[in-house]
Structures are given as structure tokens and as C-alpha cells.
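# Observations on the model geometry
For reference, the chains in residue letters:
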Amino acid sequence: MNAAVATSVFGAFMVLTVVLGLLAVRRKGTEKGRPAGLSEWSVGGRSLGTVFIWVLMAGESYTSFSYLGAAGWGYNSGAPVLYVLAYMSCGYALGYVVGPMLWAYARRHGLVGITDMIAHRYRAPWLGAAVALLATVCLLPYIQLQITGMGVVVSTISYGAISIDWAYFLSFAVTTGFVVISGLRGSAWVSVLKDVLVIGTLGFLAVYVPLHYFDGYGPFLDRLVAEKPQWLTFPGHDSGGLGQVWFVTTTLVNSLTVVIFPTTVAGYLGARNAEALRRNALYLPFYNVLLFVPMLLGMAALFVVPGLTGADSNLALFRMVVDSLPAWAVGLVGVAAALSSIVPMAVFMLVIGTMWGRSVLGAIPRLNKGAAGAASGDGGEAAGGRQKLWSQLVVVGAGALALLLTYTAPDTLVRLSLISYEGMAQLVPMLLLGLVWRRLTLHAAVSGLVAGFTLVCVLVFGGHDPVWGMNAGIVGLAVNVAVALAVTWLGPRAADGRPDAEVLALDDEFPRDGVPSRGAPVSPPASS
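Presented here is a report on the structure given in the accompanying data block. (Residues numbered from 1 in each chain as written. Predicted model: local features only at pLDDT ≥ 70, side-chain atom pairs only at ≥ 80, totals over all residues. Heavy atoms only, no water.)

This part is about the overall build of the chain. Helix and strand content of the chain: 22 helices and 0 strands. Out of the 528 residues in the chain, the part that is buried amounts to 58%. Contacts spanning at least 24 positions in sequence make up 83% of the contacts within the chain whose residues lie at least 6 apart. Element-wise, carbon and sulfur atoms account for 68% of the exposed surface of the chain, whose accessible area totals about 19,700 Å². (Helix = DSSP H or I, 4+ residues; strand = E, 2+ residues; numbered from the N terminus. Buried < 20%, exposed > 50% of the residue type's maximum accessible area, 1.4 Å probe, protein only. Contact = heavy atoms within 4.5 Å. Areas by Shrake-Rupley, 256 points an atom, 1.4 Å probe, with all protein chains shown as cover.)

Here we come to a nonpolar patch on the surface. A cluster of nonpolar side chains, contributed by Val15, Leu16, Val19 and Leu23, occupies part of the molecular surface with about 300 Å² of accessible area. Among the secondary structure elements, leucine 23 is positioned in helix H1 (residues 2-28). (Patch = residues over 30% accessible without salt bridge, like charges linked within 9 Å, V, L, I, M, F, W, Y side chains within 5 Å. Salt bridge = Lys/Arg side-chain N within 4 Å of Asp/Glu carboxyl O.)

Once that is clear, we can look at unusual backbone geometry. In this model, phenylalanine 234 is joined to proline 235 through a cis peptide bond whose omega is 5 degrees. Along the polypeptide, proline 235 turns up in the loop between helix H9 (217-227) and helix H10 (244-258). The phi dihedral of arginine 123 is positive, around 50 degrees, even though this residue is not glycine. Note that arginine 123 resides in the loop between helix H6 (114-122) and helix H7 (125-157). Arginine 123 gets classed as partly exposed once you look at its relative accessible area, which sits at 46%.

Moving on, we get to the environment of alanine 444. With respect to the helices and strands, the residue alanine 444 is situated in helix H20 (residues 442-461). Classification of alanine 444 by relative accessible area gives buried; the value is 0%. Considering only alpha carbons, one finds alanine 444 and proline 429, 15 residues apart in sequence, at a separation of 9.8 Å. Residues within four places of alanine 444 in sequence aside, it is in contact with Ala484, Val487 and Thr488.

Tallied over the full model, the rule gives 7 salt bridges. A salt bridge links arginine 358 to aspartate 116; its shortest N-O distance comes to 3.5 Å. Here aspartate 116 lies in helix H6 and arginine 358 lies in helix H15 (residues 327-360), a separation of 242 residues in the sequence. We classify arginine 358 as buried; its relative accessible area is 1%. Here the residues in one salt-bridge network are Arg123, Asp496 and Arg498, joined through shared partners.

Now for helix H14 (residues 316-324). Listed as buried for H14 are Ala316, Leu317, Phe318, Met320, Val321 and Ser324. Among the structural elements, helix H4 (69-76), H7, helix H8 (164-214), helix H13 (292-304) and H15 are those in contact with the buried residues of H14.

Compared with an ideal rise of 1.5 Å per residue, which puts 27 residues at 39 Å, helix H5 (residues 83-109) spans 36 Å between its outermost C-alpha atoms and is within 8% of the ideal. At glycine 95, H5 shows its largest bend, some 45 degrees. Judged by how many residues are buried, H5 sits mostly within the fold: 20 of 27 residues are covered. (Expected span 1.5 Å × (residues − 1). Bend = angle between axes of the 7 residues up to and from the residue.)

It is worth spelling out the packing of aromatic side chains at this point. Scanning the model with the defined rule gives 19 aromatic pairs in all. Measuring from ring centre to ring centre gives 6.1 Å for tryptophan 166 and phenylalanine 169, while their planes differ by 90 degrees; the resulting arrangement is edge-to-face. One end of the pair, tryptophan 166, and the other, phenylalanine 169, are both in helix H8, 3 residues apart, so they sit about a helical turn from each other. Each member of the aromatic cluster is reached from another via a ring pair, and the members are Trp73, Tyr83, Tyr87, Tyr142, Trp246, Phe261, Phe348 and Tyr421. Taking NZ or CZ as reference, arginine 121 lies 4.5 Å from the ring centre of tyrosine 122, over its face. (Phe/Tyr/Trp six-rings, centres within 6.5 Å; stacked < 30°, edge-to-face > 60°. Lys NZ or Arg CZ within 6 Å of the ring centre and 35° of its normal.)

The next thing to look at is the environment of tyrosine 421. Among the secondary structure elements, tyrosine 421 is positioned in helix H18 (residues 420-425). Using a relative accessible area of 13% as the deciding quantity, one classes tyrosine 421 as buried. Distance in space between the C-alpha atoms of tyrosine 421 and threonine 257 is 7.0 Å, their sequence separation being 164 residues. What tyrosine 421 contacts, discounting residues up to four positions off in sequence, is Tyr87, Tyr142, Asn254, Thr257, Val258 and Phe261.

This paragraph deals with the environment of alanine 173. Within the secondary structure layout, alanine 173 lies in helix H8. The spacing of alanine 173 and alanine 400 is 227 residues in sequence and 9.3 Å in space, taken between C-alpha atoms.

All right, on to the packing of H20 against helix H21 (residues 472-490) then. H21 packs onto H20 with a crossing angle of 155 degrees between their chain directions and a minimal axis gap of 7 Å. As far as their axial angle goes, H21 and H20 are roughly antiparallel. You can see that H20 and H21 cross each other, and the crossing is right-handed. Counting all contacts with H20, which are made through His443, Ala444, Ser447, Gly448, Leu449, Ala451, Gly452, Leu455, Val456, Leu459 and Val460, the residues of H21 involved are Ala472, Gly473, Val475, Gly476, Val479, Asn480, Val483, Ala484, Val487 and Thr488. The residue inventory of the contact of H20 with H21, partitioned by class, reads 13 nonpolar, 8 polar and no charged. (Axes fitted to C-alpha atoms, helices over the stretch in contact; angles between N-to-C directions. Parallel < 35°, antiparallel > 145°, perpendicular 65-115°, else oblique. Left-handed = near helix turned anticlockwise from the far one by under 90°. Nonpolar A, V, L, I, M, F, W, Y, C, P; charged D, E, K, R; others polar.)

Given below as C-alpha cells:
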């Protein structure tokens, strides 16, 4: 009976998720009698307001990690998990400046992602394609992690009635279905439902669990201090040496990375104006308060469900939920956790599809023969439609590949996930430094990227992360910048006769009203 009730609640909300995705695209319909193109599908037509941007970008931050990984880290190690709060808050502060800058640059030149921006900045479509490949390698593990997370959640809340393999497939099918049809706008609509459930369930659990098991926070915290003090200080319990230096360097490198992460940039580019992004940067840190809940409840589980080891420790929070709540409430918590997998996974898949549809397949002339059109925000109406089709096909392919590897070789993507954030960090100089400093050359940016990414791979896969107590990503980033500067000053300088307005993200491109002073896009994207 418990399984039937919880599964029914979960099934009803999954249907509602798909319906919301369909309603999002139906409401938008077509613009001026023409089918919506790549810009509408991939960045919501650059028309999302503050609320939708807030829930969408919060949706990327609140993944299955919020219910599983955060509780698991709290259960296993304690204090080091607080790095998540630190880097997200610092990243939001950086996003106050970086978000409007990237939004204005992309709007001015009709661009739809970081690969587009890099190809345009350096006049090198091949570089956009190479970055798309690198970003895909770093993003695919996140799709697999969300598939795995949702599978674990669904299997647990169904009391084992739904096998974990079927739960994996359900995660893939629901996410792929609505993101292919509705794109970023559908993800934003579903994020509203997800956020209501996340705030409601975590708020409830924050009060319920301490009262139910410990008679309140006072007795719980007293017991934690008395019996588990090592969980409350660095480097935590059995964390492998994640001390203060690691905490600071990880916060720094992750806060830099998150502002140029492809999924974050997709949220930026979906905004109606730059002011919506500034307001969003002010509001998002308040959402971080919720992350304290699974972290603390993970430590509470030390006393309620002791002895969890390995991957089972990620179920610390859900073991308490299933043990103490009625089936319908278990179903609601499960829905919130499942949507926390679906929303970010949808954006990951959409971003991979957009990068490949625009910068890889969309840049091959014979694949787009006859698709040239008048210049527009989508690179021509026909070209935009063709690139959207390629992007949608890649979404299905990327999701299917992640699902297949989840079934057959999960360790492959788990290994790649070790370098995901540190690897993406190596794009920071190429993108951000390149958009504010004209002297950074193509040779310098590529040399720095290769040097930094190679060093990160050597350190991480060689078992040297952290190195000298520091996050390997910050070491790679330092080498990246040093090499880029050296090659800029000592290496060849290719002539680029374009004016600064074509190359750089200038201050007057993103004034307070959010409207670039130079108006609409003035040139077709470099990859068209």
C-alpha cells in the first residue's frame, strides 16, 4: 500500500511535469507566423523575466546533490561540504557583473552560448567546435549523475517497487521528452513547480526531523558537539585532507567557473534584459539557506541510521524520510528530489545540443546546404531552423549515451566527473579575459587552455588532488593564465582589423536599463 501511494503521487507529478513543458511551448506558439528558431528554443527567445530566471538558475544549483550528495557529505565528512555554500554565493556576486556582460555581448552579435562567443571573439569557428567537444566531455558526467540520482530516489521512495534500472529510463524519458519540445522555456516553467516543492519539503524537514528524533535543534546540536566534534571542524571526518587551504582555493576556482559554466550562461542569455540578471544575482543567495538543511540532516542521520557506507551514505536523508513519514509525504519529497534531477539535467542536455547544433554540425556547410538566409538572431531563418533540428537530435543522442553508460559502464563517466569543474575552469581566461582584453591572442588563449587542462588531468587522474592542500583546478588555472600571458607578449600577433565593439564586451554595452547602446545585432555569428 505504501509503495502504491508514493508511486501514484510521483507518477501524477511526472505527468504534470511533461504537461508544463508542453504548455510552455504552446503558449509561446510561433512568432510572426514563423516557427520558433534556435534562439527561442535554446535561450527562451531572450525574453525571460526576473522570476523565471531566478527559478531556472536556482534549478541548476539545486540538483539531486541537494538531497543526496549534500546529506551524504554531511554524513561522511561534515564541515568540508560547506564549500558549496561558499562558492555559490561568491559566484552569484561575480555573476552580478559577468552575467550582464555576457548577455549584452551575445545579444549584440546574435550568439546563443559560450562556444558561439569564443568563435566570434577569436574569429575561429573551429575553436568553437573544439570547445563544444571539451564542454561535452565535462557536462556528460552531470547528466549521468542526475540520471543516477533520480534512479536512486525513485527506487527508494517506491519502497523498491520500481527497480533502479526502470527509474534510470524514466529519468531519461521524461527529461528528453519535454526539453526537446519546449527547450529552455519549458525548463523554466518546470522550475517553478520544482522550487515550490523544494522550498516546501526542505522547510518541513528542517523542522520535522530534529523534533521527531531529537526533541529539537538544541538536543541535536548538543549531541553532535559532544559525540561527533570532528564533523564540525576542518578537515572534517575522514575527508582525505580537505582543510582550510582546499576550502579557500575550491571556493575561488568554483566561483569563477560557475559564472561561465555553459548551463549558467544559458540562464544569462535567456534573460529579457541585463537588469533582470542583476536582480537575480541579489536574490539567489537567499536560496542558499536551504542547502543547510540536507547538510545538517545528513549529520543528524549519523545517530538515526548509523553505519551507512559508500554510496549508501547518500541515502542518509531518504532513509529517515521513508522511516518516519507517511507514504504520501514520502512521495512528495521524492517528487521534489526527482525534479531537482530533471531540471538541471534538461539544461545540461539542452546546452550540449545547442553547442553541437550551432558550433559543430551547424558550422559544416554541406550539412546546412540551402539553409542560408538573411542575417538574424538565429543566423538566418532557415539556418536557425536547421541548427535547431540538429540541436534537438543531439539532445536525444547525448541523453541516450549517458543512459547507456549508466547501465553498462558507470565508472567511465564517474571518472570524467572528477575533472568536470576543474576542466571547465580552464575556459575562464579564454572567455572572460578575452572579452575585456583585446591583446589576448588566439594562440595565447589556446596555449593557456591546453596547458591548464593537461595539468588538471595529470594531477586529478594521478591522484594528486588536492596538491599541496590546494584544489588542482586553481593550480591549472594559474598555469593557464601564465602561459596565455607569456604567449601574448612573446608569441605571434595575428592582425584583427575589427573595431573594439566587434571584439570586446564594452562597458557601454550593458547600461542599467539593460539595452545595449548600439542596438540590435550588427553581424552574423561567426559559426554561421
